[in-house]
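# Geometric and topological summary
Okay, here's what each chain looks like letter by letter:
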Amino acid sequence: DAGVIQSPRHEVTEMGQEVTLRCKPISGHNSLFWYRQTMMRGLELLIYFNNNVPIDDSGMPEDRFSAKMPNASFSTLKIQPSEPRDSAVYFCASRGTGVAFEQYFGPGTRLTVT
Amino acid sequence: AQSVAQPEDQVNVAEGNPLTVKCTYSVSGNPYLFWYVQYPNRGLQFLLKYITGDNLVKGSYGFEAEFNKSQTSFHLKKPSALVSDSALYFCAVRDGGNTPLVFGKGTRLSVIA
């Protein structure tokens, strides 16, 4: 298995531009999570999906952030418009069904907004 | 609500010495506990987990963790540290529901040759 796949790995954009981050979870996993990691705040859960349905988006910082999961094998996190304070590493993780299952993380997307 | 505390931001240990990275948790119901490691510029990598059964759990790279219900702790240990163990370590907990892991703030381990 290729694991959780994220693209792009690095993104540099200018303030005000739209940014779209992509994630392909592990096949067969039914839960997907988006996290953001910064030095100041550590690892923050932004939103998670169960069976493609958003369950909790209370971690999404502002309306500029949105996430979708149109099918079991693909999710996007969009920031529009982007701001310098959005600069961070964004991780996607997926998990199978059952309390014993661990979450598997992708390699992350390092976003820099100038 | 679930929570995890990692009381040490940084742990320094000499190569070959035993290491301990501390974690305490709070959860209603039975805890499901996890340790992850993050190397520079990488994603979090699963190390080990406690679900039920033996309080001493063995995981990857020679790491182990001891579940202590009375102290609500799940400390990560390794008998002999390697320089290559230097990384950021996260403890995480979830309850029995279909909920995300709640992570601690992380502890940076530095193993000095």
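In case you missed it, the structure is sitting above this.
The following paragraphs examine the structure supplied in this document. (Residues numbered from 1 in each chain as written. Chains lettered and ligands numbered in written order. Predicted model: local features only at pLDDT ≥ 70, side-chain atom pairs only at ≥ 80, totals over all residues. Heavy atoms only, no water.)

## Description of the pairing of strand β7 (residues 65-71) of chain A
Residue and element names in this part refer to chain A. Relative to strand β8 (residues 74-79), β7 is paired through five bridges, and the arrangement is antiparallel. In the strand pairing of β8, Asn-71 is matched with Phe-74. Between β7 and the antiparallel strand that follows it, β8, lie two residues. (Pairing = 2+ DSSP bridges. Helix = DSSP H or I, 4+ residues; strand = E, 2+ residues; numbered from the N terminus.)

## Considerations on the interface of chain B and chain A
Taken together, the contact between chain B and chain A spans 22 residues of the former and 21 residues of the latter. Three residues stand out in chain B for area buried against chain A, namely B:Leu44, B:Asn98 and B:Pro100, and they jointly supply 30% of the buried area on that side. The interface formed by chain B and chain A includes one salt bridge. A salt bridge links A:Glu102 to B:Lys49; its shortest N-O distance comes to 2.8 Å. The tally of links between chain B and chain A comes to six residue pairs in polar contact (both at pLDDT 80 or more). When contributions to the side of chain B that touches chain A are tallied by element, the ones reaching two or more residues are β5 (32-38), β6 (44-50) and β10 (87-94) of chain B. In terms of residue count, the dominant contributor to the side of chain B that touches chain A is β5(B) (four residues). Partitioned by chemical class, the residues of the side of chain B that touches chain A number eleven nonpolar, seven polar and four charged. (Contact = heavy atoms within 4.5 Å. Buried area = accessible area lost by both parts, 1.4 Å probe. Salt bridge = Lys/Arg side-chain N within 4 Å of Asp/Glu carboxyl O. Polar contact = N/O pair within 3.5 Å; in protein donor to acceptor, adjacent residues only side chain to side chain. Nonpolar A, V, L, I, M, F, W, Y, C, P; charged D, E, K, R; others polar.)

## Some thoughts on the pairing of strand β8 (residues 64-68) of chain B
Residues and elements named next belong to chain B. As defined by bridge partners, strand β7 (residues 56-58) adjoins β8 across three bridges and the pair is classed as antiparallel. Each bridged residue has a counterpart across the sheet, and for Leu-56 the counterpart in β8 is Glu-66. Counting the residues between successive antiparallel strands, the hairpin from β7 to β8 contains five residues, one of them, Tyr-61, with a positive phi of roughly 60°. Where β8 lies against strand β9 (residues 73-78), five bridges are found, and the strand directions are antiparallel.

## Focus: the state of the cysteines
When the sulfur atoms of two cysteines share a covalent bond, that bond is a disulfide. Scanning the entire structure with this criterion turns up two disulfides over all chains. Disulfide partner of A:Cys23: A:Cys92, at an S-S distance of 1.9 Å. On the sign convention where negative is left-handed, the bridge of A:Cys23 and A:Cys92, at about -65° about the S-S bond, is left-handed. Of this pair, A:Cys23 sits in strand β3 (residues 19-24) while A:Cys92 sits in strand β9 (residues 88-95), and the two are 69 residues apart along the sequence. Neither residue differs from the other here; A:Cys23 and A:Cys92 are each classed as buried. Across the disulfide from B:Cys23 sits B:Cys91; the S-S distance is 2.0 Å. As the torsion about the S-S bond is roughly -65°, the B:Cys23-B:Cys91 disulfide counts as left-handed. On the criterion of sequence distance, the pair formed by B:Cys23 in the loop between β3 (19-21) and β4 (24-26) and B:Cys91 in strand β10 is long-range, its members being 68 residues apart. Like B:Cys23, the residue B:Cys91 is buried in the burial classification. (Disulfide = S-S within 2.5 Å. Buried < 20%, exposed > 50% of the residue type's maximum accessible area, 1.4 Å probe, protein only.)

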